[in-house]
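# A closer look at the structure
Residues per chain, in single letters:
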Amino acid sequence: MKLLEYEAKEILKEAGIPVPKGILIRAGDDACAGAAQVGDLVVVKAQVDVGGRGKAGGILMADSSTVQDTADRLLSSCIKDVPVHAVLIEERIAIEHEYYLSISIDRSSGSPLILFTASGGVEIEEVARTNPEAIRRSTVHPLLSDVPGYTIRYLLNGAPKELGPVINRLYQVFRSRDALLAEINPLVTTPAGVYAADAKIIVDDNALARQGISENRDLTDRERKAEEHGFSFVELDGSIGVIGNGAGLTMATVDLITVLGGRPANFLDVGGGADRVRVAHAVRLLGSMPGVSVIIVNLLGGITRCDEVAAGIIEAGVSQQVIVRLAGTNEEEGRSMLNKHGYRMLDTMEEAVAAAVEVAR
Ligand code: GDP
Ligand code: MN
């Protein structure tokens, strides 16, 4: 489970990593009085479980005269479809430089993996694409209770030495909190010292009870619907809707879209034995996503019957083009039903994905 920024920052603070002075405000609270304890110049930050809040309008600058309005405005808005129930009002710090630091798990070596770059502030995927040699990475033997000095020196690569202790402290957080990810982006230097300006911690779901954490996340309307229907559903930000059965086939579809130059809008696994009603729900769910211009349905008929799937697609009748690849039980019946209603059914996954990518262009 991903902790919200203010929760992650409380943990960092406890571990001795400096964070800006801040106060959490909910609807109806007196933001002005709260901000007075923090400073005159502040940053108001939406506490929502989405990445890139800055670009999405979730991080706003304010001063004592505008902080109430700014907080109220954020508290009555949604950031990327997620309602804002709380904002963090923080002292505005004078950032000199933004660094990136994260610890995650490297599955191939079975060890914690530390990433550090002096090109922080932007998403790490962006740095990996445009300037990969700027990222330093090092695994730490999982039985070591501290990050060795030579690893810290290698990671810093000439960056200020005062960042070194932060690396080791974040490593303590990562270990003690059963984290899958502990990330500080940006980790900043200021005239007043080093600060974690943003923080993200993902706790292993299998450790929630041990960590005394209860699920707190706000689902979007679509996520709630998907949960009701028992779909495995993850929203992404592309334009090609994806429906598959089985996590492997669905994931392969998402990957192939990316390989062929398209952008998947989601991951949706309808599960085994999907009937017409479930398929219709799934297709309608994707049809309701604003960014979706085409939907690919990639199903393998085993217990799932292709004619049921076809009936579900036809019943849903969404406005977007639906491209279908069905194979297996009652394939011919499914095909003739779809043909009759003017749907494109392709024989292979590669053809179907290529067609969807073409439409999305
Ligand atoms: P994210 O967009 O969700 O990752 O939110 P961040 O907390 O990382 O904030 C985005 C950007 O806002 C940072 O990279 C900073 O450039 C800027 N920012 C956040 N807090 C401060 C602050 O206190 N002072 C200044 N000058 N900039 C800030
Ligand atoms: Mn950030």
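Presented here is a report on the structure given in the accompanying data block.

What counts as what
Residues numbered from 1 in each chain as written. Chains lettered and ligands numbered in written order. Predicted model: local features only at pLDDT ≥ 70, side-chain atom pairs only at ≥ 80, totals over all residues. Heavy atoms only, no water. Salt bridge = Lys/Arg side-chain N within 4 Å of Asp/Glu carboxyl O. Helix = DSSP H or I, 4+ residues; strand = E, 2+ residues; numbered from the N terminus. Buried < 20%, exposed > 50% of the residue type's maximum accessible area, 1.4 Å probe, protein only. Donors = N, O, S within 2.8 Å, 3.2 Å for Na, K, Ca; no water. Pairing = 2+ DSSP bridges. Axes fitted to C-alpha atoms, helices over the stretch in contact; angles between N-to-C directions. Contact = heavy atoms within 4.5 Å. Core = buried A, V, L, I, M, F, W, Y, C linked by side-chain atoms within 4.5 Å. Arc of directions from axis to C-beta.

This part takes up the pattern of salt bridges. Going through the model one piece at a time under the given rule, you end up with 19 salt bridges. Here R224 ties to D221 by a salt bridge, and the two come within 3.2 Å at their closest N and O atoms. Of the two residues, R224 and D221 both sit in helix α8 (residues 221-229), three residues apart, roughly one turn of that helix. In this structure, R305 engages D307 in a salt bridge whose closest nitrogen and oxygen atoms are separated by 2.8 Å. On the basis of relative accessibility, which here comes to 37%, the residue R305 falls in the partly exposed class. Among the residues examined, D307 registers a relative accessible area of 14% and is labelled buried.

Here the manganese ion (ligand 2) is held by the protein donor atoms N185 (O) and D198 (OD), which lie 2.2 to 2.3 Å from it. Taken together, the positions of N185 in strand β10 (residues 179-190) and D198 in the loop between β11 (193-196) and β12 (200-203) put the pair 13 residues apart, joining distant regions of the chain. The same class applies to N185 and to D198, which are both buried.

Right, let's get into the sheet that holds strand β2 (residues 41-46). Here four strands make up an open sheet; going across it, the order is β1-β6-β2-β3 and the pairing antiparallel. Two strands lie at the open edges of the sheet, namely β1 (22-26) and β3 (59-63), each paired on one side alone. Strand-to-strand twist in this sheet, taken as the mean axis angle between neighbours without regard to direction, amounts to 25°. Looking at chain direction, β2 and β3 are connected through five bridges and run antiparallel. Directly across from V42, in β3, lies its bridge partner A62. Packing of helix α1 (residues 5-14) onto the sheet brings it into contact with β1, β2 and β6 (86-91), and relative to β6 it is tilted by some 45°.

Glancing now at helix α11 (residues 306-316). Judged by how many residues are buried, α11 sits mostly within the fold: eight of eleven residues are covered. Buried-residue contacts for α11 involve α10 (276-287), β16 (294-301), β17 (321-328) and α12 (331-340). Count one or two residues on from α11 and you reach G317, which has phi positive near 50°.

Turning to the nonpolar core, a few remarks are in order. Judged by nonpolar contacts, the single largest core of 35 residues is most densely connected at L12, L101, I184 and I201. Broken down by secondary-structure element, the contributors of at least two residues to this core are α1, β7 (97-106), β8 (111-117), α5 (149-156), α6 (164-176), β10, β11 and β12. The element contributing the most residues to this core is α6, with six residues. Apart from residues no more than four positions distant in its own chain, I201 is found in contact with M1, K2, L3, A8, I11, L12, V173, A179, L181 and A182. Counting 31 residues, the second-largest nonpolar core is a separate cluster that includes A280, A282, L286 and V324.

Glancing now at α8. Owing to its 3.6 residues per turn, the α-helix aligns residues three or four sequence positions apart on the same side. Of all the positions in α8, only R222, E223 and A226 are classed as buried. Taken around the axis of α8, the buried residues stretch over an arc of 100°, which confines them to a single face. For α8, the exposed residues lying more than 90 degrees away from the buried face are D221, E227 and E228. The inward-facing, buried residues of α8 contact β13 (232-235) and α10. The first or second residue beyond α8 is G230, which carries a positive phi of 75°.

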